[in-house]
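Descriptive analysis of the structure
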Amino acid sequence: MSDAASDPIPPRRPRVLLVSPVSPLSGRSGSEQRSHLLWQALSTHADCDLLQLEEAAGDAQPLVERLPDVPGGALVRAVLRAHRWPWQRLKPQPAWTARIEAALPRRLADYDLIVGRYLWPVSQLSLPPEVRVVVDLDDWRYRRDPLAPASGWAKLARKRFANLLAGRELHRFAAAFAVSDLDVSELQGRLPVQWLPNVPAQLPSEVTPVPASRQLLFVGSLWYAPNAEAVDWLLQQVWPRVIARVPQARLLLAGTAPKAQLRAWSAHAGVQAPGFVDDLAAAYAGSCGVLAPLLSGAGSNIKVLEAMAHGRPCVVTRLVHSAFADHLSPGQHYLLGRSADEFVELLIGLLERPQAQQALATAARGQVQALFTPQVFAEVVAGLVRQMLPAAVR
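Keep in mind it's a predicted model, so treat the numbers as computed, not measured.

1. Let's talk about a nonpolar patch on the surface
- The grouping of W85, W87, F161 and L164 at the surface amounts to a nonpolar patch, some 410 Å² of accessible area in total.
- A residue is classified by how much of its surface remains accessible, and W87, at 38% relative accessible area, is partly exposed.

2. Topic: the sheet that holds strand β2 (residues 47-55)
- Taken in spatial order, the eight strands make up an open sheet running β3-β4-β2-β1-β5-β6-β8-β9, and their pairing is mixed. Whereas interior strands pair on both sides, the edge strands pair on one side only; in this sheet they are β3 (63-70) and β9 (193-195). When the angles between neighbouring strand axes are averaged without regard to direction, this sheet yields 20°.
- Two elements, β3 and strand β4 (residues 73-80), share six bridges in a ladder whose sense is antiparallel. Note that in β4 the partner of L63 across the bridge is V79.
- The strands that helix α2 (residues 94-103) touches are β2, β3 and β4; relative to β3, the one it contacts most, it runs at about 25°.

3. Quick notes on the pairing of strand β13 (residues 289-292)
- Burial along β13 is two-sided: G289 and L291 and V290 and A292, pointing in opposite directions, are all buried.
- One ladder, built from two bridges, connects strand β10 (residues 215-219) with β13; its direction is parallel. Pairing of L217 across the sheet is with V290, part of β13.
- In this sheet, strand β15 (residues 314-316) lies alongside β13 in parallel orientation, the contact comprising three bridges. By the bridge assignment, L291 is partnered in β15 with V315.

4. Some words on the packing of aromatic side chains
- Taken as a whole, this structure holds four aromatic pairs when the rule is applied.
- Judged by centre distance (6.1 Å) and plane angle (75°), the rings of W223 and Y224 are edge-to-face.
- Judged by centre distance (6.1 Å) and plane angle (85°), the rings of F324 and F372 are edge-to-face. One end of the pair, F324, is in the loop between α10 (318-323) and β16 (335-336); the other, F372, is in the loop between α12 (358-371) and α13 (374-388), and 48 residues separate them in sequence. Taken individually, F324 and F372 each receive the classification buried, so the pair is uniform in this respect.

5. Here we look at the nonpolar core
- The biggest cluster of nonpolar side chains holds 102 residues, and the ones touching the most others in it are I114 and W265.
- Ranked by the residues each element gives to this core, the list is headed by helix α6 (residues 225-245), at 10 residues.

6. Points about the environment of L53
- For L53, the location among the structural elements is in strand β2.
- Here L53 falls in the buried class, since its relative accessible area comes to 0%.
- Residues contacting L53, with those up to four places away along its chain left out, are V19, S20, P21, A78, L80, I100, W120, P121, Q124 and L125.

7. A word on helix α9 (residues 302-309)
- Among the eight residues of α9, seven are classified as buried, and the element is accordingly described as predominantly covered.
- Every buried residue of α9 is accounted for by K303, V304, L305, E306, A307, M308 and A309.

8. Topic: the sheet that holds β16
- On the basis of which strands lie adjacent, the open sheet formed by six strands has the order β12-β11-β10-β13-β15-β16 and parallel pairing. Looking at which strands have only one partner, the edges of the open sheet turn out to be β12 (271-275) and β16.
- Sitting on the sheet, α6 touches β10, β11 (250-254), β12 and β13, and the angle it makes with β11 is about 175°.
- Strands β10, β13, β15 and β16 of the sheet are contacted by helix α11 (residues 340-352), whose axis makes an angle of about 175° with β15.

9. Structural notes on the pairing of β12
- The alternating pattern of β12 places V271, A273 and G275 on a buried face, while none of Q272 and P274, on the opposite face, is buried.
- Two elements, β11 and β12, share three bridges in a ladder whose sense is parallel. What sits directly across from L251, in β12, is V271.

10. Here we look at unusual backbone geometry
- The backbone of Y118 sits at a positive phi, close to 75°, despite the residue not being glycine.
- Here Y118 shows up in the loop between β5 (113-117) and α3 (119-123).
- Here Y118 falls in the buried class, since its relative accessible area comes to 16%.
- In this structure, D139 takes a positive phi of about 55° despite not being glycine.

11. Digging into the pattern of salt bridges
- The full count for this structure, using the stated rule, is 20 salt bridges.
- Across the pair R117 and D136 runs a salt bridge whose closest N-O atoms are separated by 3.1 Å. Taken together, the residues R117 in strand β5 and D136 in strand β6 (residues 132-136) connect sequence positions 19 residues apart. The pair R117 / D136 is uniform in exposure class, with both members buried.
- With its nearest N and O atoms 2.9 Å apart, the salt bridge here joins D183 to R143. Of this pair, D183 sits in helix α5 (residues 181-187) while R143 sits in strand β7 (residues 143-144); the two residues are 40 residues apart in sequence, bridging distant segments of the chain.
- Taken together, the shared-partner salt bridges in this structure form one network comprising R34, R117, D136 and D138.

How each quantity is defined
Residues numbered from 1 in each chain as written. Predicted model: local features only at pLDDT ≥ 70, side-chain atom pairs only at ≥ 80, totals over all residues. Heavy atoms only, no water. Patch = residues over 30% accessible without salt bridge, like charges linked within 9 Å, V, L, I, M, F, W, Y side chains within 5 Å. Areas by Shrake-Rupley, 256 points an atom, 1.4 Å probe, with all protein chains shown as cover. Salt bridge = Lys/Arg side-chain N within 4 Å of Asp/Glu carboxyl O. Buried < 20%, exposed > 50% of the residue type's maximum accessible area, 1.4 Å probe, protein only. Pairing = 2+ DSSP bridges. Helix = DSSP H or I, 4+ residues; strand = E, 2+ residues; numbered from the N terminus. Axes fitted to C-alpha atoms, helices over the stretch in contact; angles between N-to-C directions. Contact = heavy atoms within 4.5 Å. Phe/Tyr/Trp six-rings, centres within 6.5 Å; stacked < 30°, edge-to-face > 60°. Core = buried A, V, L, I, M, F, W, Y, C linked by side-chain atoms within 4.5 Å.

By themselves these figures say nothing about function.
Put into structure tokens, the structure is as follows:
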């Protein structure tokens with residue numbers, strides 16, 4: 001008979017705190033979806049409490065409240081006053097940290113790991129030095145394509161200043177996730193960094209072949225400035241030349257925007273801008289190609305991955321190409337337009353010979369199915385978490 005007192009004590013489950021500015025429970029928007037996947041991956045390996053830390057908007061009042069528990073842990077929502085200056089968003093707030101700790105089920109020092117979704121929310125906390133902190137540097141650096149209008153350089157300067165301030169805070173963190181290949185290469189050497197892919201909201205199990213259609217598609221939140229900028233550039237620099245040579249061409253702009261903006265876009269020949277589209281799968285099925293003429297922004301442009309997942313050839317700018325350079329290749333997985341002239345010719349070729357790009361669309365879909373999936377996302381998170389957790393609870 002064994003002595004029960006001498007039996008080894010099994011390791012307890014790790015305790016992790018996920019700090020996110022958006023709810024990780026629904027996954028409606030792209031930001032919420034990545035937060036949701038991160039929460040799911042962490043919850044597989046640990047008891048994961050959630051801190052939803054927001055900046056007050058409009059008439060919202062600062063507060064800290066404990067909400068009903070979620071599967072696997074507690075949920076606390078904190079709304080802090082919006083900061084006037086960018087450097088204030090990255091500095092710890094001891095008084096608010098104390099209020100947040102009082103609402104959480106344990107002190108920050110009692111967690112085995114803290115994970116920040118984006119840099120600024122977790123930077124608001126007075127982080128205990130004995131606890132490792134991993135930060136998801138999604139949208140790490142704002143960039144502009146050489147085709148972008150000169151009027152955007154002032155915004156680029158402001159964004160670069162904010163990025164410089166953010167870089168000075170990286171010493172507070174043990175490791176980071178980055179969403180694009182370009183961000184990974186830039187961050188290497190500053191702290192341990194792991195590529196964590198964005199994942200399309202939908203990975204259809206079956207897709208239709210590229211149709212003999214004259215419809216092209218742009219999908220995105222059209223109220224978002226980089227998307228609106230891309231549409232304006234496309235309609236000013238590219239589309240009139242396309243419609244002049246292929247009068248039957250149609251461009252569907254799928255996404256929410258102010259009604260006046262949608263009307264202005266719809267006034268262009270061959271353009272439909274209905275706003276939100278209920279059946280996006282049907283829009284993909286009826287289109288021979290998808291456009292991503294992004295000229296500014298950050299992250300990895302998940303719209304491109306969604307189009308590839310639906311088996312449609314994509315035409316992209318250099319900005320989009322740079323986000324995927326280590327995992328997707330021009331000519332093999334997508335068509336790259338380096339100028340307005342190249343975009344015109346690529347779109348006309350796609351409209352006149354859409355099925356000639358079937359092999360490219362098939363290869364792109366296969367790459368998305370191999371690399372940009374919830375399973376790959378979860379494996380990457382699990383690998384870094386195992387490295388960061390204290391040895392006693394790994």
